[in-house]
Amino acid sequence: MSTLVEVRDLRRVFDVSKPWLERTLARESRMLLKAVDGVSFSIQRGETFALVGESGSGKSTVARMVVGLLQPTAGEVMIDGVSMTAAADAAARRRLRRRIQMIFQDPYASLDPRWRVGRIIAEPIRAFGLARGDAVTARTGELLRLVGLDPADAAKFPHEFSGGQRQRIAIARALAAESDFIVCDEPTSALDVSVQAQILNLMRDLQDRLGLTYLFISHNLAVVRHMATTIGVMYLGRVVEVAPARQLFAAPRHPYTRMLLDAVPDLALSGRPRTPVQGEIPNPISPPTGCTFHPRCGLANDRCRRENPVLRDGVACHAVEEGRDMAMPAAAVTA
Amino acid sequence: MTEPILSVRGLSVEFVTRRGTLRALDNISFDIARGEVLGVVGESGAGKSVTGSAVIGLIEPPGRIAGGEIRLAGQRIDNLGRDAMRHVRGKRIGMVFQDPLTSLNPLYRVGDQLVETILAHLPLSPSAARKRAIDLLAEVGIPAPDRRIDGYPHEFSGGMRQRVVLALALCAEPELVIADEPTTALDVSVQAQIIALIRRLCRERGTAVMLITHDMGVIAETADRVAVMYAGRIAEIGPVRDVVQDPLHPYAVGLMGSIPTLAGEAERLVQIPGSMPRLTAIPAGCAFNPRCPRVFSRCHVERPEPIARGAHQVACFLYDPASGLPDPRQRAGVSPEVGA
């Protein structure tokens, strides 16, 4: 396997200060929110890389920077050897654009209600000049069939479809540009479970048939387990653990990952003992010093409060590094 | 057997629209015993929330209760007048909704809202009410309650707000709490805290809970019994372990199979073709028949009534001896393989 996407030390800071006058009158300083704070990972061709985390962990911000919807404050995104940020690669980047598409969470907001489905799907085909005239219609019909809809649906408007069908249309649009890398930001969290199953199955089928690479963003660990080959766990703008999916669920290492896995309500009714979860994700405007997870962590010591751990060997945690985590029983998640 | 706290019999709710009358709830019956958590699951539009609203008398026109009765500890409450119902609501039935921000008034301190509710329902002096409010906040796990009681809702985080709403629902020691998607807006780590809290309160106080959610995981962790709803009807109701691990109704079988779990990686999720019918186009006979992998002629004509099977009740002709089918459990061993 070869690397398709390489993210290096990606950072994004949002200025959330009040307007200048108000700020000056109230004698307040600027307020900066580090939404993404030094994230690095790489995605292999044909795999599904998932980013999980709770709200505010920065996973969507990473997704938006990877597709180029948002400029990073620092750091670099390389896709197929082409930098998405460096000015020198502008021409190569334009060719690359076609191959990167995105599927959004809310299929009610991501489709233009005044456009017919056929026009929605044909837009990327026309924009990239991939076909002309009747060939566009033929291709649109083919794409609709590919996602399990009828070619005749091209004449309808989005409001005539259910949520799951709309998400199928969004997938067809993403595939229209003959893309091979698709960023999916919570693609099923607005859908009911039975419809979610349809969409997840469809996404996996398409991956097998077309050799797609997915960056899959979700807060739902069970969905991620079902879809991902590699998983990155995010907490307050940082990746705290990266591991192959099976390994992450069988033997989570970072205390936050363990806590997260332990907190998921499970259908298995195993009656497994639970470590009570402590506290909530802190305010990202004034994150804790050192390791940002230390106020909620049972293993924190002075070093954790002072020093920010770096991602080493797939996990960013002083306790794991020093072998202090052995005292804590491994989370009782069935492998 | 002791009398159930809540008893619903043949409840139907209709909405009158320009396009005709829509039946949001169609002849449903269930009981909740003292200290029991009944989970109500289903996909959007199945009628879960309408059931909750009907019980607390919050069906607003153009909706109306078209039939059946609702009894709270033996007393009929579906035909009470506005004022009488207002006394039941809050005092005898507490409510928790999905979004804690809409349940709290942003302009009043949390303590004032609690004290106001306590004074409305209990014969206490204002200072005793304030003390009770502090005790309640402590009980739902808010740190430093004597200080936080004077905070405004915006000063609390999402999980803490939901705790305040829970305290508000428990103010008057209700016999029944209706919780409509109480954890849906919360992150998983906080969700687990709220679930544990609901379970503990219910055990300690003997409060019955009707827990409405679309999340089967939450139900599996919290509920004693579960009702699976589909298109305004109860498809299956029974003890949570049985329904989750060994569902009978083909819809429940498909629903459980379609949920990805942490335990194992299924190659493919079971998928139910199509989606739930709109209320304007509910098929004749069994509402699930167009999507059912095991449909037969009778399903298109007759509507199945709940059939008792062990501790379950299941509304499906497969389990009706009158259908003259071989025992379905033997064939149901394999989960239905369904194509798109």
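Position labels on residues start from 1 in each chain and follow its written sequence. Labels are handed out in written order, letters beginning with A for the chains and numbers beginning with 1 for the ligands. The model is predicted, so local features are restricted to residues of pLDDT at least 70 and side-chain atom pairs to those at 80 or more, both for listing and for counting; the totals for chains, interfaces and linings are taken over all residues.

## Quick look at the sheet that holds strand β2 (residues 32–44) of chain A
Residues and elements named next belong to chain A. Our working definition: Pairing between two strands requires that DSSP report at least two bridges joining them. Here a helix means four or more residues in a row that DSSP labels H or I, a strand means two or more in a row labelled E, and each is numbered from the N terminus. With C-beta atoms placed from the backbone, a contact is any residue pair whose C-beta atoms sit within 7 Å. To define axes, lines are fitted to C-alpha atoms, for helices over the stretch in contact only, and angles between the resulting N-to-C directions are given on a 0 to 180 degree scale.
Overall, antiparallel pairing links the 4 strands, which are arranged β2-β1-β4-β5 in an open sheet. Edge positions in the sheet fall to β2 and β5 (82–83), since each has one partner strand and no second. Sheet analysis places strand β4 (residues 74–79) next to β5, joined by 2 bridges and oriented antiparallel. Residue pairing for β5: I79 is matched across the bridge by V82. Running at roughly 120° to strand β1 (residues 3–15), helix α2 (residues 59–67) makes contact with β1, β2 and β4 of the sheet.

## A word on the domain arrangement of chain B
Residues and elements named next belong to chain B. Applied cut-off: Boundary definitions for the domains trace back to an automatic or database domain assignment. Here the term charged refers only to Asp, Glu, Lys and Arg, the term nonpolar to Ala, Val, Leu, Ile, Met, Phe, Trp, Tyr, Cys and Pro, and the term polar to all other amino acids, Gly among them.
According to the domain assignment, chain B consists of domain 1 (34–62 + 80–228) and domain 2 (250–331). With centres defined by C-alpha atoms, the gap from domain 1 to domain 2 works out at 33 Å. With 5 residues of domain 1 at the interface, the matching set in domain 2 holds 5 residues. Grouping the constituent residues of the side of domain 1 that touches domain 2 by class yields 3 nonpolar, 1 polar and 1 charged.

## Quick notes on helix α1 (residues 48–55) of chain B
To keep things clear, this is the line we draw: Once C-beta atoms are placed from the backbone, each residue is buried if 20 or more other C-beta atoms lie within 10 Å of its own, exposed if 12 or fewer, and partly exposed for counts between those two.
Burial within α1(B) is extensive, with 8 of its 8 residues counted as buried. Phi turns positive, to about 70°, at G57(B), one or two residues after α1(B).

## Considering the sheet that holds strand β10 (residues 233–239) of chain B
Residue and element names in this part refer to chain B. The 8 strands lie next to each other as β6-β7-β8-β3-β9-β10-β12-β11, forming an open sheet whose pairing is mixed. Of all the strands in the sheet, the pair left with one neighbour each is β6 (93–96) and β11 (307–309). The sheet shows a mean angle of 20° between the axes of neighbouring strands, taken without regard to direction. Alignment of β11 against strand β12 (residues 312–314), held across 3 bridges, turns out to be antiparallel. If you follow A308 over to β12, its bridge partner there is Q313. Contacting β3 (37–41), β7 (176–180), β8 (208–212) and β9 (225–230), α1 crosses the sheet at an angle of about 145° to β8.

## Some remarks on the pairing of strand β7 (residues 181–185) of chain A
All names here are of chain A. Heads up, the condition is: The handedness of a crossover follows from its direction of travel: if, with the strands pointing away from the viewer, the path from the first strand over the helix to the second runs clockwise, the crossover is right-handed.
For β7, a buried count of 5 out of 5 residues is recorded, marking the element as mostly surrounded by other parts of the structure. Alternating positions in β7 separate into two faces, F181, V183 and D185 on one and I182 and C184 on the other, with burial throughout. Here 4 bridges tie strand β6 (residues 100–103) to β7, and the two strands are oriented parallel to one another. Residue pairing for β7: I103 is matched across the bridge by C184. Both β7 and strand β8 (residues 213–218) contribute to a ladder of 5 bridges, which runs parallel. Among the inter-strand pairings, V183 is bridged to a residue of β8, identified as L215. For the crossover that starts at β7, traverses helix α7 (residues 193–210) and ends in the parallel β8, the hand is right-handed.

## A short note on the interface of chain B and chain A
Tallying the contact residues gives 36 residues for chain B and 33 residues for chain A. In terms of residue count, the dominant contributor to the side of chain B that touches chain A is helix α8 (residues 188–205) of chain B (6 residues). A class-by-class count of the residues in the side of chain B that touches chain A yields 17 nonpolar, 13 polar and 6 charged.

## Description of the packing of helix α4 (residues 110–121) of chain B against helix α7 (residues 158–170) of chain B
All names here are of chain B. Spelled out, the test is: If an angle is under 35 degrees, it is roughly parallel; if it is over 145, roughly antiparallel; if it lies from 65 to 115, roughly perpendicular; otherwise it is oblique. Definitions for this section: a left-handed crossing has its near helix turned counterclockwise from the far helix by less than a right angle. A right-handed crossing has that turn clockwise.
Close contact between α4 and α7 brings their axes to 9 Å; oriented N to C, the two are set at 15°. Taken together, the axis directions place α4 and α7 in an arrangement best described as roughly parallel. Regarding α4 and α7, the two cross each other, and that crossing is right-handed. Residues V110, Q113, L114 and T117 of α4 touch α7, and the partners they reach there are V164, A167 and L168. By residue class, the composition of the contact of α4 with α7 is 5 nonpolar, 2 polar and no charged.

## Some points on the confidence of the model for chain B
Residues and elements named next belong to chain B. Test applied: pLDDT is a residue-level measure of predictor confidence that goes from 0 to 100.
Per-residue pLDDT for chain B has a mean of 87; in total, 95% of the residues score no lower than 70. For residues 330–340, every residue scores under 50 in pLDDT, and the model assigns this stretch 17 contacts once sequence neighbours within four places are set aside. In the predicted assembly, ipTM is 0.77 and pTM is 0.83.

## Section: the environment of V13(A)
All names here are of chain A. Counting through the fold element by element, V13 comes out in strand β1. For the pair V13 and G81, spaced 68 residues apart in the sequence, the C-alpha separation amounts to 25 Å. Excluding residues within four positions of it along the chain, V13 makes contact with L32, L33, K34 and T73.

## Topic: unusual backbone geometry
Note the cis peptide between P61(B) and P62(B), where omega equals 10°. Locating P62(B) in the fold gives a position in the loop between α1 and β4 (63–72). Residue D9(A) is not a glycine yet carries a positive backbone phi of 45°. Mapping D9(A) onto the fold places it in strand β1. Residue D9(A) is classed as exposed on the basis of its C-beta count, with 12 C-beta atoms lying within 10 Å.

## Thoughts on the confidence of the model for chain A
Mean pLDDT for chain A: 87, with 94% of residues reaching 70 or above. Within the model, pLDDT remains below 50 along residues 329–335 of chain A, and this stretch shows 12 contacts once partners closer than five positions in the same chain are excluded.

## Quick word on the nonpolar core
To be explicit about the condition: For this entry, the nonpolar core is defined as buried Ala, Val, Leu, Ile, Met, Phe, Trp, Tyr and Cys residues connected by C-beta atoms within 7 Å.
Counting 193 residues, the largest nonpolar core has F216(A), L176(B), M210(B), L211(B), V228(B) and Y230(B) as its most contacted members. Residue contributions to this core peak at 8 residues, all from α7(B). Per-domain counts for this core show at least three residues from each of domain 1 (34–62 + 80–228) and domain 2 (250–331) of chain B. In this structure, V228(B) is in contact with V41(B), G42(B), A235(B), E236(B), V243(B), H249(B), Y251(B), A252(B) and L255(B), ignoring residues within four places of it in sequence.

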